[in-house]
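Coordinates in review
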Amino acid sequence: MTGLPLVVGVDGSQPSLRAVDWAADEAVLRGATLRLVHASLFERYEGATPAGDPGEPSEQVMAEDVVRTAVQRARLRHPGLEAATDVLPEEPGHALVREGRSAAALVLGSRGRSGFAELLLGSVSLTVAAHADCPVIVLRGSHDNQVPSGPGGRVVVGVGERGADSAALRFAVQEARIRDATLEAVRAWRCPAHETTDHPLLAGGPARLHEQHAAEILDQALKDVPADVELHRRTVEGPARGVLLGASHQADLLVVGARRDSGHLGLQLGRVAHAVLHHAACAVAVVPERP
């Protein structure tokens, strides 16, 4: 196996175990190693230190049990999978963002063990998706704990203004190829209200122009997609957030881009990525787009 590892954040929660399953499948498809990381700075575990380890803090014992369980799960799913583990005494968001600097991608559950059920997305997943230097895959949807992964399926990508220069599009093409999946490229378009008309001879004209422009952008962006990728293209009227959320119901993976500005310290996601991370019906990959 060669190349950068696939890193998955684990904390013993059910969402993180689903992330382990997805990441193990993805590592096999990519021919990559798997790195399972547990990071915790402020969390305190209950329970006594196991007998035989009188000098070892219970927090460390519990953390090692988390990664041990995760790696056993991955290897049961794929015997022979090359996997490594690490326990980091750090704040999870910061540690995982740093891990992403030397990772092919980061894989996370939608919420951690300490997450509240009413929250749509955990703070760690949101922070990492907004700051990581590599693609971040957040496992949403599939609440029966059966994560759609492996060969086949459908990868949906939102095509923005960057067109063929989009890192998100390149990532989506790669995912479709390694999975032998259908790639569905979607371009949302809208007709400004001031351009509409009630005249019967002109009705629909402005809308057709906007739709045609969206189709041209889509065609230009997809001109270099390899012929061995089964490609479907769609232009859909409506806000990009709503269009992509609708498409997520028939997808196994939804890919969106997020602009990164080195001079900006806040969350760097954008409205579309933020919305799909919170509401998509499938796994979401957020891919950094550099200026």
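Residues numbered from 1 in each chain as written. Predicted model: local features only at pLDDT ≥ 70, side-chain atom pairs only at ≥ 80, totals over all residues. Heavy atoms only, no water.

Some points on the overall build of the protein chain
Helix and strand counts for the protein chain come out as 8 helices and 10 strands. Looking at the 291 residues of the protein chain, the share that counts as buried comes to 46%. The contacts in the protein chain between residues at least 6 apart in sequence include a share of 78% that link residues at least 24 apart. (Helix = DSSP H or I, 4+ residues; strand = E, 2+ residues; numbered from the N terminus. Buried < 20%, exposed > 50% of the residue type's maximum accessible area, 1.4 Å probe, protein only. Contact = heavy atoms within 4.5 Å.)

Thoughts on the nonpolar core
Of all hydrophobic cores here, the largest spans 45 residues; its most connected members are Val-8, Leu-34, Leu-36, Val-107, Ile-137, Leu-253 and Val-255. Per-element tally for this core: the top contributor is helix H5 (residues 167–179), with 7 residues. Setting aside its immediate chain neighbours within four residues, Leu-36 contacts Val-8, Val-10, Val-20, Val-67, Ala-70, Val-71, Ala-83, Ala-84, Thr-85 and Asp-86. Counting residues in hydrophobic clusters, the runner-up holds 36 residues, among them Val-7, Cys-134, Val-256 and Val-276. (Core = buried A, V, L, I, M, F, W, Y, C linked by side-chain atoms within 4.5 Å.)

A short note on the pairing of strand E6 (residues 154–158)
Relative to strand E7 (residues 182–189), E6 runs parallel, the two being bridged by 5 bridges. Along E7, the bridge assignment pairs Val-157 with Ala-185. Running through H5, the crossover from E6 to the neighbouring parallel element E7 is right-handed. Where E6 lies against strand E9 (residues 253–259), 3 bridges are found, and the strand directions are parallel. Along E9, the bridge assignment pairs Val-156 with Leu-254. (Pairing = 2+ DSSP bridges. Right-handed = clockwise from strand over helix to strand, strands pointing away.)

Thoughts on the packing of helix H1 (residues 14–30) against H5
A pair of packed helices is captured by two measures, namely the crossing angle of their axes and the spacing between those axes. Interhelical geometry of H1 versus H5 gives an angle of 80° and a closest axis separation of 9 Å. Considering their axes alone, H1 and H5 lie roughly perpendicular with respect to each other. Contacts between H1 and H5 pair Trp-22, Glu-26, Leu-29 and Arg-30 from the former with Phe-171, Gln-174, Glu-175, Ile-178 and Arg-179 from the latter. Tallied by class, the residues present in the contact of H1 with H5 amount to 4 nonpolar, 1 polar and 4 charged. (Axes fitted to C-alpha atoms, helices over the stretch in contact; angles between N-to-C directions. Parallel < 35°, antiparallel > 145°, perpendicular 65-115°, else oblique. Nonpolar A, V, L, I, M, F, W, Y, C, P; charged D, E, K, R; others polar.)

Here we look at the sheet that holds strand E4 (residues 105–109)
With respect to topology, 10 strands assemble into an open sheet ordered E3-E2-E1-E4-E5-E10-E9-E6-E7-E8, the strand pairing being mixed. In the strand order of this sheet, the two ends are held by strand E3 (83–88) and strand E8 (231–237), each with one partner. Averaged over all pairs of adjacent strands, the angle between strand axes in this sheet comes to 25°, irrespective of strand direction. Sheet analysis places E4 next to strand E5 (residues 136–139), joined by 4 bridges and oriented parallel. Bridged to Leu-108 within E5 is Val-138. Strand contacts of helix H2 (residues 58–77): strand E2 (34–39) and E3, with the helix running at about 160° to E3, the strand carrying the most contacts. Sitting on the sheet, helix H7 (residues 240–247) touches E6, E7, E8 and E9, and the angle it makes with E7 is about 155°.

Thoughts on unusual backbone geometry
With glycine set apart, most residues show a phi of negative sign, and most peptide bonds adopt trans. With a phi close to 55°, Asp-180 is a non-glycine residue in the positive phi region. The topology assignment puts Asp-180 in the loop between H5 and E7.

Topic: the environment of Ser-102
Structurally, Ser-102 is set in the loop between helix H3 (92–99) and E4. Between the alpha carbons of Ser-102 and Leu-4 there is a distance of 6.6 Å; along the sequence they are 98 residues apart. Not counting the four nearest positions on each side in its chain, Ser-102 is found in contact with Leu-4 and Pro-5.

What about the confidence of the model for the protein chain?
Should the pLDDT be low somewhere, the predicted coordinates at that spot are not to be read in detail. Of all residues in the protein chain, 78% have pLDDT values of 70 or greater, and the mean over the chain is 83. When the criterion is pLDDT under 50, residues 42–52 qualifies, and its contacts beyond four places in sequence or with other chains add up to 14 contacts. Of the regions scoring below 50 in pLDDT, residues 114–120 engages in 7 contacts with residues more than four places distant in sequence or in other chains. (pLDDT = per-residue confidence, 0-100.)

Considering the pattern of salt bridges
Under the definition given, this model contains 21 salt bridges. Ionic pairing is found between Arg-77 and Asp-25, a salt bridge with its closest N-O pair at 2.9 Å. Taken together, the residues span a long stretch of sequence, with Arg-77 in helix H2 and Asp-25 in helix H1 at a distance of 52 residues. Owing to a relative accessible area of 35%, Arg-77 belongs among the partly exposed residues under this scheme. By relative accessible area, Asp-25 is classed as buried at 9%. With its nearest N and O atoms 3.5 Å apart, the salt bridge here joins Asp-165 to Arg-162. (Salt bridge = Lys/Arg side-chain N within 4 Å of Asp/Glu carboxyl O.)

Comments concerning the packing of H1 against H2
One way to put it is that H1 packs onto H2 with a least axis distance of 9 Å and a crossing angle of 40°. Accordingly, the angle class assigned to the pair H1 and H2 is oblique. Our pair here, H1 against H2, has a crossing hand that is right-handed. Within the contact between the two elements, H1 uses Gln-14, Leu-17, Val-20, Asp-21, Ala-24 and Asp-25 and H2 uses Ala-70, Arg-73, Ala-74 and Arg-77. (Left-handed = near helix turned anticlockwise from the far one by under 90°.)

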